[in-house]
Amino acid sequence: MEQKGNADGRQVPLAGKALSQLPVPGLRAKRGPSDENQPPTEQKRARRLPVPTRRVAASIATTYSKASAAAAVPRTQRAGCRASLRPGRIIPAASVADVVRRPVPVAAAPKMAAPVLAAGNEGKKRAAWDLKGQLSDMRTKVSSYKDKVQRLDGENQQLKRQLQEQVVQNRELSSQVSTLSSALHTCQEQARQRLHEVKELSDLKQQLEEQVTSHSRTIRQLEGTKRDLSSLLETREVKLKLVEEGLAQRECENKELRGQVAVQLQVMTQQEERLHHLEMERRRLHNLVQELKGNIRVFCRVRPLLAWEKERQTGLEHLHFPLQDNKALVLSKVEESHIGRDRKGDVKYDFSFDRVFSPACSQEEVFEEIALLVQSALDGYHVCIFAYGQTGSGKTYTMEGPDDMSPETMGMIPRAVQQVFQGARELEPKGWQYHFTANFLEIYNESLRDLLVGRPERGAELEIKRVSQSSEELHVPNLRYMPVDSEDEVLKLLQTAKANRSVAKTALNDRSSRSHSLFQLRIEGWNRSRDLHSVSVLSLVDLAGSERLDKSFSKGERLRETQAINTSLSTLGLVIMALSNKEPHIPYRNSKLTYLLQNSLGGNSKMLMFVNISPLEENLSESLNSLRFASKVNECVIGTAQANRK
């Protein structure tokens, strides 16, 4: 039998081979009892098409329904659909859905012809026993069915080709629909962005309109202000003209005043020049007065009795201060006979110094006498003031003051410092500027100690050296030199030095100074407008008290201290005598005290000595020794002092 392909390409057996109309043994219908003698009758069966034929028929029916639906669509709608697919056109979503749902037209299939029966078999049916005739009829039917199957197969192939074309068209349309959907989505996004931009522009427009309204109001206000300012400007212009006229008048007056100022400046320059000459003349006359008084002067001061001393002694009968002469002092001593019965008359000792201060004199009165000498230090002269006397005679009180110091009881050192700083401030308008450097040391057992440094912090022993080979100025390396700008800073240094000074209790004094203390203030001044420079040193010395070994009963360390003190005081006396006698060799180096004060004791300096006397009658012999030494010093003439100016 011949094989034919079905619609899906599989090989299907022909209908004539699968379905046969010949009688099959064993399938004859049963007869009833009454029909047993009748000839067999042909059973009627419903004709069923072969399976491939049914599939082709179903496909044809589907194609016929689609084609009929497409034929029902009007030509105008199909044209509209094609027009909607033009590029660049936005298609509404409803239109796209309609295009998708719209059926695709299919060419109308030809109607199937009705089955043709065998010509010889139209009017009658063959008998059941006419098998040959039935076979012939079946062959005729099979032949007709074959022709029909061939015709249907051709139609099926044509329909498959048309269906494939429709599938390709549907794919193209689906691609176009997808593209159009993407384009539609993009256009919708763009539309939403445009709507958002339109909204923002609307808000911006509203804001700008509000700003325009506000600016319009501001402009109107500014226009009003402008009118006010214009009127004010006119008023100010009128005033400005008046002021300019006044300025022109003032300019003329200024020219006249400048001329007067120039004259005044010239006068002031002349006055400054005259003032400078007067200042220099004052210094010259001041120095002349000091020289007339003597470059070595001696003041004598007697301290008052202490409270506990008044119980042992009443009055000062052995001391006499002449009322008409404040430079004289008389000591009287009662002489007894050798046999002890007769009493001789009083022996008097007269002394005369540059000034004698009784126990009633205050610290202020004493300083008034040395104030002019302190001024010489500010003028550029080396000045040395020292206190000499036995232990307990009031030397430390005179130079430094008591421990609980007050403005009334301040000693010579703090008062001298105050005067120096005050004088420097007064000379500033005259073009002078000063720089001050202070140091404070003691000479204990012929060794130097820095009193501005505590004992645990003291280093190696200090030595006296020259600044340079070409200079006579001396200095002490490793000694603390403190720059000071006010008297308060100096007073703090004095308190520190007083706490570090060596003192001890002896038979003659409960608080005896066991060393010589030396305070030095270096004064350096400049007058740059006059190209003047001065350097001087103010030395204020509190000497240790002299003692007699037969009265002090010193032993051990106190004995060595007493011997060193007496030796240095003796050397001081020898130096002063050598200066007075104009000897070629001055023994400065015999003692650390005289070596350190070498520049302040020579002829190029001014020196003042306080000789302090005890008011106790039991110390009369020691007082006589001190007064005799002071008288020798007072008789010395060491020459004319020269200012250290450049």
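Here the structure is a predicted model, which is why all the values come from computation and not from measurement.

## What about empty space enclosed by the protein?
Okay, step 1: Inspection of every chain in the model, using the stated rule, returns 4 cavities of 30 Å³ or more.
Okay, step 2: Here the second largest cavity defines a volume of roughly 70 Å³.
Okay, step 3: Considering the residues around the second largest cavity, the lining is formed by E400, M405, I413, P414, L491, L494, Q495 and K498.
Okay, step 4: If you list the elements that add at least two residues to the lining of the second largest cavity, you get α9 (412-427) and α10 (487-500).
Okay, step 5: Here the lining of the second largest cavity takes 4 residues from α10, the largest share from any one element.

## Section: the pairing of strand β10 (residues 447-450)
Okay, step 1: Where strand β9 (residues 433-444) lies against β10, 4 bridges are found, and the strand directions are antiparallel. In the sheet register, E442 faces β10, and the bridge partner there is R449.

## Some remarks on the nonpolar core
Okay, step 1: Grouped together as the largest cluster of nonpolar side chains are 50 residues, with contacts concentrated most on F386 and L627.
Okay, step 2: Contributing elements (two or more residues each) for this core: β3 (296-302), β5 (328-336), β8 (382-389), β9, α12 (557-580), α13 (592-596), β18 (605-613) and α15 (620-634).
Okay, step 3: For this core, the element with the highest residue contribution is α12, accounting for 7 residues.
Okay, step 4: Not counting residues up to four positions away in its chain, the partners in contact with L627 are C300, L329, L331, F351, F353, V611 and I613.
Okay, step 5: Ranked by size, the runner-up nonpolar core spans 43 residues in total, among them L378, L427, W432 and Y434.

## Details of the pattern of salt bridges
Side-chain pairs of opposite charge can arise where the charged atoms are in close proximity.
Okay, step 1: Under the counting rule described, the total for this entry stands at 14 salt bridges.
Okay, step 2: Put simply, E400 and R501 hold a salt bridge, and the shortest N to O gap is 4.0 Å. Linking E400 in the loop between α8 (395-399) and α9 with R501 in the loop between α10 and β14 (503-504), this pair joins segments that are 101 residues apart in sequence.
Okay, step 3: Take R501: its relative accessible area is 7%, and that puts it in the buried class.
Okay, step 4: Here the residues in one salt-bridge network are R126, D130 and D137, joined through shared partners.

## So, α9
Okay, step 1: Compared with the 22 Å implied by 1.5 Å per residue over 16 residues, the 22 Å span of α9 between its first and last C-alpha is a close match.
Okay, step 2: Burial analysis of α9 places 12 of its 16 residues in the buried class, the great majority of the element.
Okay, step 3: Of all the residues in α9, the buried ones are M412, I413, P414, R415, A416, V417, Q419, V420, F421, G423, A424 and L427.

## A short note on the UniProt feature "binding site: ATP" (unreviewed entry) in the protein
Okay, step 1: Mapped onto this numbering, the UniProt entry annotates "binding site: ATP" (unreviewed entry) at G389, Q390, T391, G392, S393, G394, K395 and T396.
Okay, step 2: Within the element layout of this structure, S393 appears in the loop between β8 and α8.
Okay, step 3: A polar contact is formed between the side chain of S393 and the backbone oxygen of Q390, at a distance of 2.7 Å.
Okay, step 4: One can find K395 in helix α8.
Okay, step 5: Judged by its relative accessible area of 6%, K395 falls in the buried class.
Okay, step 6: Here K395 is in contact with A387, Y388, G389, Q390, D542, L543, A544, G545 and N612, once residues within four sequence places are set aside.

## Concerning α15
Okay, step 1: Taking 1.5 Å of rise per residue, 15 residues should cover 21 Å, and α15 covers 21 Å from first to last C-alpha, within 8% of that figure.
Okay, step 2: Every buried residue of α15 is listed here: L620, E622, S623, L624, S626, L627, F629, A630, S631 and V633.

## Describing the packing of α9 against α10
Okay, step 1: Taken N-terminus to C-terminus, the directions of α9 and α10 make an angle of 160°; their axes are 9 Å apart at the nearest point. Between α9 and α10, the angle is such that the two are roughly antiparallel. The two elements α9 and α10 meet at a crossing, and its hand is right-handed. Residue-level contacts link I413, P414, V417, Q418, F421 and R425 of α9 to E487, V490, L491 and L494 of α10.
Okay, step 2: For the contact of α9 with α10, a count of residues per class yields 7 nonpolar, 1 polar and 2 charged.

## Overview of the environment of R282
Okay, step 1: Here R282 is to be found in helix α5 (residues 131-293).
Okay, step 2: Here R282 falls in the partly exposed class, since its relative accessible area comes to 31%.
Okay, step 3: Residues contacting R282, with those up to four places away along its chain left out, are Q375 and D379.

## Some details on the pairing of β18
Okay, step 1: Of all 9 residues making up β18, 9 are buried, and the element is well covered by its neighbours.
Okay, step 2: Two elements, β3 and β18, share 7 bridges in a ladder whose sense is parallel. Within β18, the residue paired with R297 across the bridge is L608.
Okay, step 3: For β8 and β18, the ladder comprises 8 bridges, and the chain directions are parallel.

Calculation criteria
Residues numbered from 1 in each chain as written. Predicted model: local features only at pLDDT ≥ 70, side-chain atom pairs only at ≥ 80, totals over all residues. Heavy atoms only, no water. 1 Å grid on protein atoms, 1.4 Å probe; cavity = no way out; pocket = protein on both sides within 12 Å on 5 of 7 lines; lining within 4 Å. Points joined across faces, edges and corners; volume = space filled by probe spheres on them. Helix = DSSP H or I, 4+ residues; strand = E, 2+ residues; numbered from the N terminus. Pairing = 2+ DSSP bridges. Core = buried A, V, L, I, M, F, W, Y, C linked by side-chain atoms within 4.5 Å. Buried < 20%, exposed > 50% of the residue type's maximum accessible area, 1.4 Å probe, protein only. Contact = heavy atoms within 4.5 Å. Salt bridge = Lys/Arg side-chain N within 4 Å of Asp/Glu carboxyl O. Expected span 1.5 Å × (residues − 1). UniProt positions renumbered as here; feature names shortened; annotations may be inferred. Polar contact = N/O pair within 3.5 Å; in protein donor to acceptor, adjacent residues only side chain to side chain. Axes fitted to C-alpha atoms, helices over the stretch in contact; angles between N-to-C directions. Parallel < 35°, antiparallel > 145°, perpendicular 65-115°, else oblique. Left-handed = near helix turned anticlockwise from the far one by under 90°. Nonpolar A, V, L, I, M, F, W, Y, C, P; charged D, E, K, R; others polar.

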